[in-house]
Amino acid sequence: MKKQYLLFSLIVLFLLLAGCSNSDQSKNTGKEKQEETGEKVELTISAAASLQDALTDIEASFEKEHPNMLVNFNFGASGSLQQQISQGAPADLFFSAAEDKFDKLVRDGLIEEKNGIDLVGNELVLVVPKESAKGIKSFNDLTEADRLSIGTPESVPAGKYAKESLENMGIWKSLEEKVVYAKDVRQVLTYVETNNVDAGIVYKTDALISEKVNIVDTADENTHDAIIYPLGVVKDTRHPEEAKLFYDYLQNENSMSIFEKYGFKGLK
């Protein structure tokens, strides 16, 4: 009887040890698989075209610090990006060049106000081709231009600000027929760089990155609404924790210094 009891106890002990061993092996295997696959969390940031250079720099430093994350940008006109998000296009963060486009998403419940911030500001400038012989040195000289490019006001914030400034300067009506509209501010810059137009109105940050244009004038801030770039986490993000991590990262000292390097004004 004692021998049978001892044998039974040994069998139970063996089964328990085998179960623990398999459990540990299973856990280790799962961990090893996770390490082997090295799956990264991918974020999609819908951002105004004028932010491209600054955000590309910030992306590099962020991914270096967070190797398990991958940041993808969808650059374009803020109005177009806002419509994409409204129609269900995937996005984790929205970085707009206009408050009204951002506020529309807040009103529609697609971005919570508590998860948004006015992060940076910009200026509006008049640019001409580097070798221009038109003699355009200020907004008042635009009568000498045959073609002037601005972004489409309905979808491109820089175009909206440009039209607003020209109207407040009292020269819009005399220039309206000369205007060549562009899909975003970078296209305006390209038109000027390639001499397809005699002048263009862009953000200061865009003008500073080009070696093919000259800044000849800056629009008075009183002639247009304040140029503010709001940033926010999209409510339907599939990666809320990671989105918030990048949202906070864009506000840190290093990121703000990069924005300022490219000509943006810090607002926080």
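These figures come from a predicted structure and were not determined experimentally. (Residues numbered from 1 in each chain as written. Predicted model: local features only at pLDDT ≥ 70, side-chain atom pairs only at ≥ 80, totals over all residues. Heavy atoms only, no water.)

Peer 1: I'd love a proper account of the pattern of salt bridges, names of residues and values included.
Peer 2: Here the structure, examined in full by the defined rule, presents 11 salt bridges. A salt bridge links E112 to K114; its shortest N-O distance comes to 3.7 Å. D206 is paired through a salt bridge with R186; the nearest N and O atoms lie 2.4 Å apart. Of this pair, D206 sits in helix 8 (residues 204-208) while R186 sits in helix 7 (residues 185-193), and the two are 20 residues apart along the sequence. The exposure class assigned to R186 is buried, which follows from its relative accessible area of 17%. Salt bridges sharing common partners tie together D53, R186 and D206. (Salt bridge = Lys/Arg side-chain N within 4 Å of Asp/Glu carboxyl O. Helix = DSSP H or I, 4+ residues; strand = E, 2+ residues; numbered from the N terminus. Buried < 20%, exposed > 50% of the residue type's maximum accessible area, 1.4 Å probe, protein only.)

Peer 1: Provide a residue-level description of the confidence of the model for the protein, including the pertinent values.
Peer 2: In the predicted model, the protein carries a mean pLDDT of 88, and the fraction of residues at 70 or more is 86%. Between residues 10-37, whose pLDDT stays under 50, and residues either more than four places distant or in other chains, the model counts zero contacts. (pLDDT = per-residue confidence, 0-100. Contact = heavy atoms within 4.5 Å.)

Peer 1: Just give me the short version of the packing of helix 3 (residues 78-86) against helix 4 (residues 99-107), but keep the residues and values in it.
Peer 2: Following both chains from N to C, one finds helix 3 and helix 4 inclined at 10°, their axes separated by 9 Å at the closest point. The angle between helix 3 and helix 4 places the two elements in the roughly parallel class. Counted together, S78, G79, Q82, I85 and S86 of helix 3 and K101, K104 and L105 of helix 4 form the full contact between these two elements. Of the residues contributing to the contact of helix 3 with helix 4, the split by class is two nonpolar, four polar and two charged. (Axes fitted to C-alpha atoms, helices over the stretch in contact; angles between N-to-C directions. Parallel < 35°, antiparallel > 145°, perpendicular 65-115°, else oblique. Nonpolar A, V, L, I, M, F, W, Y, C, P; charged D, E, K, R; others polar.)

Peer 1: Tell me about unusual backbone geometry, residues and numbers included.
Peer 2: Here the phi dihedral of N195 falls at roughly 60°; this positive angle occurs in a residue that is not glycine. Considering the arrangement of structural elements, one finds N195 in the loop between helix 7 and strand 8 (199-203).

Peer 1: Outline the packing of helix 2 (residues 52-65) against helix 10 (residues 253-261), supporting the account with residue identities and numerical values.
Peer 2: The contact between helix 2 and helix 10 brings their axes to 9 Å, and the two run at 150°. With respect to helix 10, the element helix 2 is oriented roughly antiparallel. Read as a crossing pair, helix 2 and helix 10 show a hand that is right-handed. Contacts between helix 2 and helix 10 involve A54, L55, D57, I58 and S61 from the former and N254, S255, I258, F259 and K261 from the latter. (Left-handed = near helix turned anticlockwise from the far one by under 90°.)

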